[in-house]
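If you want the building blocks of each chain, they are given just below.
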Amino acid sequence: MAIMEEDSPKRRRVGLIYDDRMCKHADPDDDDHVENPNRIRAIWDKLNASALAQRCIVLKAKEAKDNHLSLVHPAKHIQLIKNISSRKNSTMKRTAEKLDSIYFNEGSSEASSLAAGSVIQAAETVAKGELDSAFAIVRPPGHHAEETEPMGFCLYNNIAVAASFLLNRRPKLGVGKILIVDWDVHHGNGTQKMFYEDPRVLTFSVHRHDSGEFYPYGNDGAYNMIGEGLGAGYNINVPWENDSCGDADYFAVWDHILIPVAKKFDPDMIMVAAGFDAALGDPFGGCCLSPYAYSVMLRKLMDISRGKNIVLALEGGYNLVSLANSAEACVEVLLQDKPLTRSPVDLPLKSTALVIRTVRQVLSKYWPVLASDLTDQVINSSRRHSQTEYVADTSTASAKSNPKVEQVRSAERKNDQKRNVAGNSFRCITCSSICDKTISF
């Protein structure tokens, strides 16, 4: 792989990390398991076929050191993952069966160490100023892994390890505040818990919640989980209570929650838990984000960091086509290319407006920038703003609506009416019914 020459001061120095050794981690009993080696291969092949990889600086993957993993995981957890691949197949299987959505094989120990170490490598290189940004194409993913327990396909919490490494082991690099943005369709429960009382890390997650009935289940991903102690107000959850959320819904959340708070927080580093399972066609997500949407969301974050100090770490995403296309769109933006296509953007769902108002009201005590009331007209303006912003060559934009998106969102609107979410009620976080136990508007 050619190393990008710095022949233009305007060209961004973008790093990529990929290593075939992470493909050795695979379910020994299910070749069709959704979290499989083809996920990162699909991204890598796409970036090479489009010649984007050749424009980036390819970093060598490194395994994580125990003392770096220990910043967020205890020794017992580290030793379990470090030694599991040397056990008998029967032992690996019995161990995995005791855990939530986990498998082990002879490649798991090395792959998980490489995944965590690669995110550390990407983050440190960016923090040193040797790169403007980086994308760690890693697996297994990490954001579900909790302090003492692997879960949800995740063995180590890759992004939490890297963030803790910068804050606690590399203070001279000047990274004192980190914004972690998790746009995976599943709540980043592990990451949230690791920084729940830490005001140095602003954690933001937008995800399916469905009254606690969507993985990882329970109320950790509810809007009122805002942090504790010194970390109160530094954990932001935007929980979708229904499926079919698309580009306009995410743009509205960015414009009316994330971006205003992020600007006030003024992070030294932005780290993105880049799951692509909210993309249209994902077998798990039930949402319908386009590659264009991911590129706009990333570009808005880059505007805060002035195009620098931003690191993406792959999380979920299980439709290989939408996964590869969405990752490609993000790398294009990191390289300062404007989006080549744009999706037809509908208005945000009415339920989205209610979620936004709820989250803003709960957080306004900590972030006064969220204190003002928002009308539906203001929230809907995100659609028009984001549809016209950052678009360069509109001749390549699709002129037709995606019929599947239209079908899904039309069906969801009918569900909205059935659920009565257009009024002053909201789906309660403690029960499955529509009620007024939360906040009235």
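Cut-offs and rules
- Residues numbered from 1 in each chain as written.
- Predicted model: local features only at pLDDT ≥ 70, side-chain atom pairs only at ≥ 80, totals over all residues.
- Heavy atoms only, no water.
- Patch = residues over 30% accessible without salt bridge, like charges linked within 9 Å, V, L, I, M, F, W, Y side chains within 5 Å.
- Areas by Shrake-Rupley, 256 points an atom, 1.4 Å probe, with all protein chains shown as cover.
- Salt bridge = Lys/Arg side-chain N within 4 Å of Asp/Glu carboxyl O.
- Lys, Arg positive; Asp, Glu negative; His and termini not counted.
- Charge placed at Lys NZ, Arg CZ, Asp CG, Glu CD.
- Helix = DSSP H or I, 4+ residues; strand = E, 2+ residues; numbered from the N terminus.
- Axes fitted to C-alpha atoms, helices over the stretch in contact; angles between N-to-C directions.
- Parallel < 35°, antiparallel > 145°, perpendicular 65-115°, else oblique.
- Left-handed = near helix turned anticlockwise from the far one by under 90°.
- Contact = heavy atoms within 4.5 Å.
- Nonpolar A, V, L, I, M, F, W, Y, C, P; charged D, E, K, R; others polar.
- Pairing = 2+ DSSP bridges.
- pLDDT = per-residue confidence, 0-100.
- Buried < 20%, exposed > 50% of the residue type's maximum accessible area, 1.4 Å probe, protein only.
- Polar contact = N/O pair within 3.5 Å; in protein donor to acceptor, adjacent residues only side chain to side chain.
- Expected span 1.5 Å × (residues − 1).

S.K.: Looking at this model, I keep getting lost on a negative patch on the surface. Mind explaining?
M.R.: Taken together, the side chains of Asp29, Asp30, Asp31, Asp32 and Glu97 present a region of like negative charge at the surface. With respect to the element layout, Asp32 can be found in the loop between strand E1 (14-17) and helix H1 (38-49).

S.K.: When you look at the packing of helix H5 (residues 108-127) against helix H6 (residues 158-169) in this model, what are you seeing that I'm missing?
M.R.: Packed helix pairs are specified by the crossing angle of their axes together with the interaxial distance, meaning the distance between the axes. It is the contact of H5 with H6, at a shortest axis distance of 8 Å, that shows an interaxial angle of 40°. Judged by the angle between their axes, H5 and H6 are oblique. When the axes of H5 and H6 are compared, the crossing they make is right-handed. Facing Ser112, Ala115, Ala116, Val119, Ile120, Ala123, Glu124 and Ala127 of H5, the residues of H6 in contact are Asn158, Ile159, Val161, Ala162, Phe165 and Leu166. Looking at side-chain class alone, the contact of H5 with H6 contains eleven nonpolar, two polar and one charged residues.

S.K.: What is the right way to look at the sheet that holds strand E2 (residues 57-59) in this model?
M.R.: Strand pairing in a sheet relies on backbone hydrogen bonds. The paired strands run either parallel or antiparallel. Judged by pairing direction, the sheet is parallel, and its eight strands sit side by side in the order E2-E1-E3-E8-E7-E4-E5-E6 without closing on themselves. If you trace the sheet from one side to the other, it starts and ends with E2 and strand E6 (235-240), each paired once. Taking each pair of neighbouring strands and ignoring which way they run, the sheet shows an average axis angle of 15°. As paired strands, E1 and strand E3 (residues 133-136) are joined by four bridges and run parallel to one another. Bridging from a neighbouring strand, Leu16 pairs with Phe135 of E3. Helix-sheet contacts for helix H8 (residues 247-265) involve strand E4 (178-182), strand E5 (201-208) and E6, and the interaxial angle to E5 is about 170°.

S.K.: Would you mind showing me how to read the confidence of the model for the protein here?
M.R.: Detail in the predicted coordinates should be disregarded across regions flagged by low pLDDT. Mean pLDDT over the protein stands at 87; residues scoring 70 or higher make up 82%. Note that residues 1-9 has pLDDT below 50 and, in this model, 18 contacts with residues that lie over four places away or in other chains. With pLDDT under 50 throughout, residues 416-441 is counted as low confidence; its partners more than four residues away or in other chains account for 55 contacts.

S.K.: What exactly am I supposed to notice about the side chain of Asp182 here?
M.R.: You can see Asp182 is positioned in strand E4. Despite being buried, Asp182 has no salt bridge partner; Arg39 is the closest side chain of opposite charge, sitting 11 Å away. For Asp182, the side chain forms a polar contact with the side chain of His143, separated by 2.7 Å. Residues contacting Asp182, with those up to four places away along its chain left out, are His143, Gly188, Phe204, Ser205, Val206 and Ala273.

S.K.: It is not clear to me how H1 should be interpreted in this structure. Could you clarify?
M.R.: Since one α-helical turn is 3.6 residues long, residues separated by three or four positions face the same way. The first and last C-alpha atoms of H1 sit 16 Å apart over twelve residues, in line with the 16 Å expected at 1.5 Å per residue. Buried positions along H1 lie against E1, E2, strand E8 (310-314) and helix H10 (320-334). Backbone geometry just after H1 places Ala51 at a positive phi near 70°.

S.K.: Where do I start with the pairing of E3 in this structure?
M.R.: Working note: regular strand, side chains alternate between the two faces of the sheet. Side chains Ser133 and Phe135 of E3 all project onto a buried face; the interleaved residues Ala134 and Ala136 project onto the opposite face, where all are buried too. Bridging between E3 and E8 involves four bridges; their strand directions are parallel. Pairing of Ala136 across the sheet is with Ala313, part of E8.

S.K.: Would you mind going over the pattern of salt bridges with me for this structure?
M.R.: Under the criterion given, the structure shown has 16 salt bridges. Asp19 is the partner of Arg21 in a salt bridge, and the nearest nitrogen-oxygen pair spans 2.9 Å. You can call Asp19 buried: its relative accessible area is 14%. We note a salt bridge from Arg139 to Glu35, for which the minimum N-O separation is 2.9 Å.

S.K.: Looking at this structure, I do not really get unusual backbone geometry. What am I missing?
M.R.: Note: most residues except glycine have negative phi, and most peptide bonds are trans. Along the chain, Arg139 connects to Pro140 via a cis peptide bond; the corresponding omega equals 0°. A cis amide bond links Tyr215 with the next residue in sequence, Pro216, at an omega value of 10°. Structurally, Pro216 can be placed in the loop between E5 and E6. For Ser101, which is not a glycine, the phi torsion comes out positive at approximately 55°. Within the element layout of this structure, Ser101 appears in the loop between helix H4 (89-97) and H5. On the basis of relative accessible area, Ser101 is assigned to the partly exposed category, the value being 34%. We note that Ser244 has phi near 70°; this positive angle belongs to a residue other than glycine. Structurally, Ser244 is set in the loop between E6 and H8. Judged by its relative accessible area of 4%, Ser244 falls in the buried class.

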